[in-house]
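Fold and geometry: a report
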Amino acid sequence: MAAGALTGSKRPKGLPIVNVAMVPQRSPFRYPGGKTWLVPYIRHWLRHRSRPIRELIEPFAGGAIIGLTAACEGLVESATLVEKDADVAAVWRAILGGEGRWLADRVVDFELTPESVRRALDSTPRSTKERAFQTLLRNRVQRGGILARGAGLMKNGENGRGLRSRWYPATLRKRILAILEMRNRITFVEGDGMEVIRRNSRRRDVVFFIDPPYTVAARRLYTHSEIDHEELFSLASELAGEFLMTYDNAEEIRALAARHGFEMRLVPMKSTHHAEMLELLIGRDLGWVPVQGSAAATARQLTLQIEQGLPDDLR
Ligand SMILES: C[S@@+](CC[C@H](N)C(=O)[O-])C[C@H]1O[C@@H](n2cnc3c(N)ncnc32)[C@H](O)[C@@H]1O
């Protein structure tokens, strides 16, 4: 396909919608704009690299489902996660910096009531681990998991369970401990993702999964939502390693991608409200993305793997 061309604006024929319930959820966050639905594609991408990949760098990590999955499933030797939001960073620093067990225990010991939530969220954390706990709690009791200022608490939640409806202490504990287990394969950097991209731009043994705050919804969702998209695209064009970017399907972004000679593919996903949406994948060579025609068999295969619960080698 010609660089910059797009395979259509409707749902691409033959491309499956990922059923996120079939994807192992490894992040302690329920992250707005999270990429769980992209996991089967990422497996496909990383398995089709011609060079061995030492490291996956996720410069806008958020809930970091892609970095965690890649490290956990041995798709790369290690993952580096970068995040600028100090609350989100506290969670990664606590887990990877030796306080994961404390955090896991704190989660299961917490007795959730409207009063205890209010008290916990109003308190000023005195340490990274306390800030981490407060962030995880906030992520679970605020509407849509949104951590940015202005997001309110859930009212009815799911099935009338109110504030508790997204608070799964045992599951959270398990996820935190699982990340702790693989902490020698994960590095966390609190800071600017652009800077980390720049620092690693000459490395050929890394791949970048770039999922920046999107142009349209970002302000409502994230504390740090301003990104210089032009600068990001020009950084990407200079990378020695491979990259995959995801964006919303915005004209401004398609124009930037076309200007840099990148390929684009629209892939279907379901929003949290079960609406079918299209998201944009951008890279130098997206030949590996299953599309109609000759790659339809791969797409069917992916659909099957997703629907049948994914064979072991794809987990
Ligand atoms: C679209 S979200 C990433 C979601 C993530 N891929 C997931 O699956 O959970 C973008 C993230 O970039 C972070 N961010 C914004 N500006 C940043 C910067 N300059 N450096 C690093 N992170 C930044 C935001 O705080 C947000 O967590």
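Residues numbered from 1 in each chain as written. Predicted model: local features only at pLDDT ≥ 70, side-chain atom pairs only at ≥ 80, totals over all residues.

Bringing the overall build of the chain into the picture now. Within the chain, the secondary structure is distributed over 11 helices and seven strands. Sequence separation of at least 24 residues holds for 70% of the intrachain contacts in the chain that already meet a minimum separation of 6. (Helix = DSSP H or I, 4+ residues; strand = E, 2+ residues; numbered from the N terminus. Contact = placed C-beta atoms within 7 Å.)

Before going further, it helps to spend a moment on the site of the ligand. Near the ligand you find 24 residues, and of these Y31, F60, G62, G63 and G193 are the closest. Across the shell around the ligand, the residue classes tally to 12 nonpolar, six polar and six charged. (Near = placed C-beta within 6 Å. Nonpolar A, V, L, I, M, F, W, Y, C, P; charged D, E, K, R; others polar.)

Turning our attention to the confidence of the model for the chain. Counting all residues, the mean pLDDT for the chain is 86, and 84% of those residues have values of 70 or more. Predicted confidence for residues 1-10 stays below pLDDT 50, and this span has 17 contacts to residues more than four positions away or in other chains. (pLDDT = per-residue confidence, 0-100.)

What helix α9 (residues 229-237) keeps buried is the set L232, L235 and A236. Around the axis of α9, the buried residues are gathered within 100° of arc, so they sit on the same side. Facing away from the buried side of α9 by over 90 degrees, the exposed positions are E230 and E231. The inward-facing, buried residues of α9 abut α7 (193-199), β4 (206-210) and β5 (242-248). (Buried ≥ 20, exposed ≤ 12 C-beta atoms within 10 Å, placed from the backbone. Arc of directions from axis to C-beta.)

This part covers helix α10 (residues 251-259). Within α10 the residues assigned to the buried category are I253, L256 and A257. For α10, the angular spread of the buried residues around the axis is 95°, confining them to a single face. The exposed set on the far side of α10, more than 90 degrees from its buried face, consists of E251 and A255. As for α10, its buried residues are in contact with α9, β5, β6 (263-270) and β7 (276-283). Phi for G261, located one or two positions after α10, is positive at around 75°.

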